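# Secondary and tertiary structure notes
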Amino acid sequence: MGRIDETRDFIPVRIAVLTVSDTRTAGDDRSGDTLVERLTGAGHHLAARDIVTDDRDRIAARLRDWIADPGVDVILSTGGTGLTGRDVTVEAHRDVYEKEIEAFATVFTMVSMQKIGTSAVQSRATGGVAGGKYLFALPGSPGACRDAWDEILVWQLDYRHRPCNFVEILPRLEEHKRRK
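Read on for a plain summary of the structure. None of the values given here were measured: they were computed from a predicted structure.

Interhelical geometry of helix α2 (residues 56–68) versus helix α3 (residues 89–96) gives an angle of 45 degrees and a closest axis separation of 8 Å. One finds that α2 runs oblique with respect to α3. Crossing handedness for the pair α2 and α3: right-handed. Across the interface between the two elements, R56, I59, A60, L63, R64 and I67 from α2 touch T89, E91, A92, H93, D95 and V96 from α3. Here the contact of α2 with α3 is built from residues that sort into 6 nonpolar, 2 polar and 4 charged.

Our focus in this paragraph is helix α5 (residues 142–156). Each α-helix winds once per 3.6 residues, and so residues spaced three or four apart point in a common direction. Here α5 contains 15 residues, and its C-alpha end-to-end distance of 20 Å stays within 8% of the 21 Å for a straight helix at 1.5 Å per residue. Along its length, α5 shows its largest kink, about 45 degrees, at W149. Along α5, the positions that sit buried rather than exposed are P142, A144, C145, D147, A148, W149, I152, L153 and Q156.

Its location among the elements puts V13 in the loop between β1 (3–4) and β2 (14–20). Taking relative accessible area as the criterion, V13 reaches 2% and is therefore assigned buried. Sequence-wise, V13 and R124 are 111 residues apart; in three dimensions their C-alpha atoms are separated by 25 Å. With residues up to four places along the chain from it excluded, the contact list for V13 reads H44, H45, D73, V74, V167 and L170.

Time to look at the pattern of salt bridges. Applying the stated criterion across every chain, the model contains 18 salt bridges. Note that D158 and R160 form a salt bridge whose closest N and O atoms lie 2.8 Å from each other. A salt bridge links R162 to E168; its shortest N-O distance comes to 3.3 Å. Residue E168 is classed as partly exposed on the basis of its relative accessible area of 23%. Several salt bridges converge on common partners, so that one network encompasses D5, R8, R162 and E168.

Our focus in this paragraph is the packing of aromatic side chains. For the structure shown, the criterion picks out 5 aromatic pairs. Both rings, one in Y134 and one in F166, keep their centres 4.7 Å apart while their planes meet at 35 degrees; by these two values the pair is tilted. You can see Y134 sitting in strand β7 (residues 133–138) and its partner F166 sitting in helix α6 (residues 166–169), a full 32 residues away along the chain. Directly above the ring of Y159 sits R8, whose terminal nitrogen or CZ lies 3.9 Å from the centroid.

Another point: the pairing of β7. Each regular strand carries side chains that alternate between the two faces of the sheet. The buried fraction of β7 amounts to 6 of the 6 residues, a majority that puts the element mostly inside the structure. Neither face of β7 is open: one carries K133, L135 and A137, the other Y134, F136 and L138, and all of them are buried. Relative to β7, strand β4 (residues 74–78) runs parallel, the two being bridged by 5 bridges. If you follow L76 over to β7, its bridge partner there is F136. Looking at chain direction, strand β6 (residues 126–130) and β7 are connected through 5 bridges and run antiparallel.

Position of H93 relative to the elements: it lies in helix α3. Residue H93 is classed as buried on the basis of its relative accessible area, which comes to 0%. Ignoring any residue separated from it by four or fewer positions in sequence, one finds H93 in contact with L63, S77, T126, L135, F136 and A137.

Conventions used here
Residues numbered from 1 in each chain as written. Predicted model: local features only at pLDDT ≥ 70, side-chain atom pairs only at ≥ 80, totals over all residues. Heavy atoms only, no water. Axes fitted to C-alpha atoms, helices over the stretch in contact; angles between N-to-C directions. Helix = DSSP H or I, 4+ residues; strand = E, 2+ residues; numbered from the N terminus. Parallel < 35°, antiparallel > 145°, perpendicular 65-115°, else oblique. Left-handed = near helix turned anticlockwise from the far one by under 90°. Contact = heavy atoms within 4.5 Å. Nonpolar A, V, L, I, M, F, W, Y, C, P; charged D, E, K, R; others polar. Expected span 1.5 Å × (residues − 1). Bend = angle between axes of the 7 residues up to and from the residue. Buried < 20%, exposed > 50% of the residue type's maximum accessible area, 1.4 Å probe, protein only. Salt bridge = Lys/Arg side-chain N within 4 Å of Asp/Glu carboxyl O. Phe/Tyr/Trp six-rings, centres within 6.5 Å; stacked < 30°, edge-to-face > 60°. Lys NZ or Arg CZ within 6 Å of the ring centre and 35° of its normal. Pairing = 2+ DSSP bridges.

Spelled out as structure tokens, the structure:
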């Protein structure tokens, strides 16, 4: 297991939160609220927040907007990762990914198995990289958002986490574009 190296300084990242739902509003977005509370409580900055309907093109468009925004380092979406006909968040994420982080889905499933047993098989949580940003699609329940944050993201988005973390390689995500 990893550990926090107290000799390193914490580096806050700028995180955008996207809720995907046909029914949620800013007043009742419990999953989005959970993510905002967790990320700000950890010392990160909320860069942006929005709610879009379960529409693949709209989701991908919002992701692309934030990927192009220099004020965003990480995008967390919640909702639309299930198996129903309206669940298209994973497909929208994959429309914009340059690289998928396959192990994120695996680790999220392992965490979920401890909480909800074999029902974890119904989640299609995913992670990836695009435009020098990290993107993660989380299920639409506050519990799943807590689990993803508390068990995975709080550690990987902390520069002090050893032996490695996402923050320390953030500047290198687009190094291929600097090659001559």
